Amino acid sequence: MTIVLHDKLTEEEREQVNEVARRLHREAIETPESGINVEYQGREYFVAQGIFHPRYDSRPLVNNMIINRGERVLDMCTGSGVIAVNAAIKGAIYVLAVDVNPNSVKSVETNAERYVGDNSYGFRTVVEARCSNLFDLVSPDEKFDVVTINPPFHKMDYTRIEERSTCDPDYIVHKGFFSRVGKHLREGGRIYMAQANFGDVDLALDLADKASFHAELIGRRPLRPTIDSPEIFYAFELRRKE
């Protein structure tokens, strides 16, 4: 699969990005036990202690994913649940939000209670949160029209669960995701995947290709659009090859 992005980082830029990641890890760890509210795209989201604060990385995905009325959505690596909540707002009838960090469940449930309910389509969306390592607690018979994932990008080691939201030195999350996602995706379904140029985008797209998915770039956003920012976030739509 060939998608040429031309957004490679220098080693110096990559180390600067890694230092930012370390600072954001500390921010998550030092969040008060009671949690805090964080502004994201015009809404206040509750973030529990130890959960990565929602930022720019997910915006290309949230702004460009298409959720049709009444679809079932699975959101992997959900964190605070901003992707899951926005999938519900866009018209999903059921959203399952999954994360390996148990504190994610409280975040998702609180944010769903704030923003999800009866909608203009005439039905109430159900948002369910589970603490699960990828698909481990997703039953084999659960199928979805859409699967979203904002996986860890940094090829850095981690020592705490809070750091797993951004760090995956061997890309175990990507490999595990693509080895199993096909079993939970309905015929004609699609995947929305976030990536960044400080991660291994080529590897992620190669894993998608080997799992028989075709990828299309649907969103691209610099970290700081008003200046010459080296960090770029992407969103891809993946569909099964014909």
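Residues numbered from 1 in each chain as written. Predicted model: local features only at pLDDT ≥ 70, side-chain atom pairs only at ≥ 80, totals over all residues. Heavy atoms only, no water.

Draft legend 1. Region of interest: the packing of aromatic side chains. For the coordinates displayed, the defined rule picks out 8 aromatic pairs. The interplanar angle of 25° and the centroid separation of 5.9 Å between the aromatic rings of F135 and F177 together place this pair among those described as stacked. With F135 in the loop between strand 5 (126–131) and strand 6 (144–149) and F177 in helix 5 (residues 172–180), this residue pair connects regions lying 42 residues apart in the sequence. Measuring from centroid to centroid gives 5.9 Å for F153 and F198, while their planes differ by 75°, and the two rings are edge-to-face. (Phe/Tyr/Trp six-rings, centres within 6.5 Å; stacked < 30°, edge-to-face > 60°. Helix = DSSP H or I, 4+ residues; strand = E, 2+ residues; numbered from the N terminus.)

Draft legend 2. Up close: the packing of helix 5 against helix 6 (residues 201–210). Where helix 5 meets helix 6, the closest approach of the two axes is 9 Å, and the angle between their N-to-C directions is 15°. Between helix 5 and helix 6, the crossing angle belongs to the class labelled roughly parallel. Considering only the axes of helix 5 and helix 6, their crossing is right-handed. Contacts from H174, K175 and F178 of helix 5 reach helix 6 at A204, L207 and A208. (Axes fitted to C-alpha atoms, helices over the stretch in contact; angles between N-to-C directions. Parallel < 35°, antiparallel > 145°, perpendicular 65-115°, else oblique. Left-handed = near helix turned anticlockwise from the far one by under 90°. Contact = heavy atoms within 4.5 Å.)

Draft legend 3. Layout of the nonpolar core. By size, the foremost hydrophobic cluster in this structure holds 32 residues, and its most contacted members are L61, M65, I67, V73, V95 and F198. Every element with two or more residues in this core is listed here: helix 2 (59–64), helix 3 (82–89), strand 4 (94–99), helix 4 (103–115), strand 7 (185–196) and strand 9 (232–240). Element by element, the count of residues in this core is highest for helix 3, at 6 residues. Residues within four places of V95 in sequence aside, it is in contact with V73, A84, A87, A88, T125, V126, V127 and E128. Counting 29 residues, the second-largest nonpolar core is a separate cluster that includes Y94, V181, I191 and L205. (Core = buried A, V, L, I, M, F, W, Y, C linked by side-chain atoms within 4.5 Å. Buried < 20%, exposed > 50% of the residue type's maximum accessible area, 1.4 Å probe, protein only.)

Draft legend 4. Just the pattern of salt bridges, in detail. Taken as a whole and judged by the stated rule, the model has 12 salt bridges. Note that E27 and R55 form a salt bridge whose closest N and O atoms lie 2.5 Å from each other. Of this pair, E27 sits in helix 1 (residues 11–29) while R55 sits in the loop between strand 2 (43–47) and helix 2, and the two are 28 residues apart along the sequence. Its relative accessible area of 25% is what places E27 among the partly exposed residues. Here R55 falls in the partly exposed class, since its relative accessible area comes to 29%. D136 serves as the salt-bridge partner of R180, at 2.9 Å between the closest nitrogen and oxygen. Placement of the pair is R180 in helix 5 and D136 in the loop between strand 5 and strand 6, with a sequence separation of 44 residues. Owing to a relative accessible area of 30%, R180 belongs among the partly exposed residues under this scheme. On the basis of relative accessible area, D136 is assigned to the partly exposed category, the value being 46%. A network of salt bridges, in which partner residues are shared, links E128, R130 and E142. (Salt bridge = Lys/Arg side-chain N within 4 Å of Asp/Glu carboxyl O.)

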